[in-house]
Amino acid sequence: MNRFLAGLCVASAAVAIAAASAQQSSADELIERARRALGGDVLATIKTLSMRASMSLEFGGTIPATNRTVDVSFVSPDKYLRVSRYLPNWPVELELTYYDGFDGADPIRELVPSIPQFSVFTDGPRPSESVQAYRARVLFAQQDDFVQRMLPLFMVLPGRFGLTFIAAGKQAYEGGIAEVIVVSRLGGRRWQLLLDEKSGLPVRLSWQGPPLAHKETMSVAKRPERGGAVVPTNPPPIVFPVEAPPDAPYVNWVMTIRDYRRTDGLNWPRRFVTNVNDRRYEDLRVATYRINPPIDVRVFER
């Protein structure tokens, strides 16, 4: 009897290993098909990438949407910088520039106002958290952002992010039927990537993550009017995205990927719309991609 049970366990383990191997093989085939649809051999030639886009952020409630310009620089395998500029509708000329990304093992997260005296909200180490632990946490988060924004373009990412890919069947989406790949990061986030069954192209990326959090600044400014009179004015609030509390329950994030266009041998999307718990948060529209442009690596030294 014991021999029978032992043999049954061995057989079950063999079936499980075979199933996992089949899933991995299927995932590899889907990834290869997606890469052919995105650009094929051209993808392997990309060593540097720059991107220019416009972005609208919606925080909900009575807070007006904010519009930003976005510039992305990437040098393979591990230099990534996302610069977004925001011009609040204020009576004085004020520009807020956000720097996010990483330079190898060094995280980049900085907010710079064009007026040095202007106070901004910034995150820092949590209570009892060391600076080293804080930097490691920020680096991990910035790498997650890189994965989310570059996976739909390349499918296979350079660098060491500890990603695994498992085929997970098919599911319906608003455009038809999609193949599903579950992408997991060692010690971190798990994403569900949908590839259109007909074209093989990425159409949706979803994950669970911290909820949106922000702080607002209200101010009373003075504005000169015609005739020399100076009157007070109440400019709209400026919204600063911040980290959610560490104990905040996770919410559903869904990024739809669309508007594919062929340029320079690549078939890349031009629009990424991200919803948080079914409410629109980010609408990113890419104006241009530049393949293998010269990039001065000093831009990553923040």
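In case you missed it, the structure is sitting above this.
If you're wondering where the values come from, they're calculated on a predicted model, not measured in any experiment.

## Some words on the environment of Ala 167
Logical step 1: Among the secondary structure elements, Ala 167 is positioned in strand E6 (residues 163-173).
Logical step 2: For Ala 167, a relative accessible area of 9% puts it in the buried group.
Logical step 3: Residues Ala 167 and Leu 193, 26 residues apart in the sequence, show an inter-C-alpha distance of 9.6 Å.

## As for the sheet that holds strand E3 (residues 79-86)
Logical step 1: Within the open sheet, the 12 strands sit side by side as E5-E4-E3-E2-E1-E16-E15-E14-E9-E8-E7-E6. Their pairing is antiparallel. With one partner strand each, in any of the chains shown, strand E5 (106-113) and E6 form the two edges of the open sheet. Recorded for the sheet is a direction-independent mean angle of 20 degrees between the axes of neighbouring strands.
Logical step 2: Sheet analysis places strand E2 (residues 66-75) next to E3, joined by eight bridges and oriented antiparallel.

## A short note on the pattern of salt bridges
Logical step 1: According to the stated counting rule, one finds 20 salt bridges in the structure shown.
Logical step 2: Close ionic contact of Arg 52 with Asp 71 constitutes a salt bridge, the shortest N to O distance being 2.6 Å. Pair noted here: Arg 52 is in strand E1 (residues 48-57) and Asp 71 is in strand E2, with a separation of 19 residues, a long-range link.
Logical step 3: On the basis of relative accessibility, which here comes to 17%, the residue Asp 71 falls in the buried class.
Logical step 4: In this structure, the salt-bridge partner of Asp 144 is Arg 185, at a minimum N-O distance of 2.8 Å.

## Re the nonpolar core
Logical step 1: Among the nonpolar cores identified, the biggest contains 53 residues, and Leu 49, Met 150, Phe 154 and Trp 268 are the most heavily contacted of them.
Logical step 2: Ranked by size, the runner-up nonpolar core spans eight residues in total, among them Tyr 86, Leu 94, Leu 111 and Phe 240.

## Some details on unusual backbone geometry
Logical step 1: Cis geometry marks the peptide bond from Ser 76 to Pro 77; its omega dihedral reads 5 degrees.
Logical step 2: Locating Pro 77 in the fold gives a position in the loop between E2 and E3.
Logical step 3: The phi dihedral of Ser 128 is positive, around 70 degrees, even though this residue is not glycine.
Logical step 4: Relative to the elements of secondary structure, Ser 128 occurs in the loop between E5 and helix H3 (131-154).
Logical step 5: A positive phi angle is found at Asn 277, which is not glycine, with a value near 50 degrees.

## As for the side chain of Glu 179
Logical step 1: Mapped onto the secondary structure, Glu 179 falls in strand E7 (residues 176-185).
Logical step 2: Owing to a relative accessible area of 17%, Glu 179 belongs among the buried residues under this scheme.
Logical step 3: Those residues in contact with Glu 179 that lie beyond four places of it in its chain are Leu 30, Gly 169, Lys 170, Leu 193, Leu 194, Leu 195 and Glu 197.

## Digging into the packing of aromatic side chains
Logical step 1: Applying the stated criterion across every chain, the model contains 12 aromatic pairs.
Logical step 2: A centroid spacing of 6.3 Å and a plane angle of 65 degrees characterise the contact between Phe 102 and Phe 161, whose relative ring orientation is edge-to-face. Residue Phe 102 is located in strand E4 (residues 96-103), and its partner Phe 161 is located in the loop between H3 and E6; the two are separated by 59 residues in the primary sequence. The two residues Phe 102 and Phe 161 agree in class, both being buried.

## Comments concerning the side chain of Asp 103
Logical step 1: Summarising the element assignment, Asp 103 is placed in strand E4.
Logical step 2: In this structure Asp 103 touches Asp 78, Lys 79, Ile 108, Phe 300 and Glu 301, once residues within four positions along its chain are discounted.

## A short note on the pairing of E7
The two faces of a sheet get side chains in turn, since along a regular strand they alternate between them.
Logical step 1: Judged by how many residues are buried, E7 sits mostly within the fold: seven of 10 residues are covered.
Logical step 2: Summarising the sheet, E6 and E7 pair through nine bridges and their orientation is antiparallel. Counted as the bridge partner of Ala 172 is Ile 177 from E7.
Logical step 3: In textbook terms, the turn of a hairpin is the stretch between consecutive antiparallel strands, and for E6 and E7 this stretch comprises two residues.
Logical step 4: Bridge count between E7 and strand E8 (residues 190-196): seven bridges; the pairing is antiparallel. Residue pairing in the sheet places Ser 184 in a bridge with Arg 190 of E8.
Logical step 5: Counting the residues that bridge the hairpin from E7 to E8 gives four residues, and of these Gly 187 lies at a positive phi of roughly 75 degrees.

Conventions adopted
Residues numbered from 1 in each chain as written. Predicted model: local features only at pLDDT ≥ 70, side-chain atom pairs only at ≥ 80, totals over all residues. Heavy atoms only, no water. Helix = DSSP H or I, 4+ residues; strand = E, 2+ residues; numbered from the N terminus. Buried < 20%, exposed > 50% of the residue type's maximum accessible area, 1.4 Å probe, protein only. Pairing = 2+ DSSP bridges. Axes fitted to C-alpha atoms, helices over the stretch in contact; angles between N-to-C directions. Salt bridge = Lys/Arg side-chain N within 4 Å of Asp/Glu carboxyl O. Core = buried A, V, L, I, M, F, W, Y, C linked by side-chain atoms within 4.5 Å. Contact = heavy atoms within 4.5 Å. Phe/Tyr/Trp six-rings, centres within 6.5 Å; stacked < 30°, edge-to-face > 60°.

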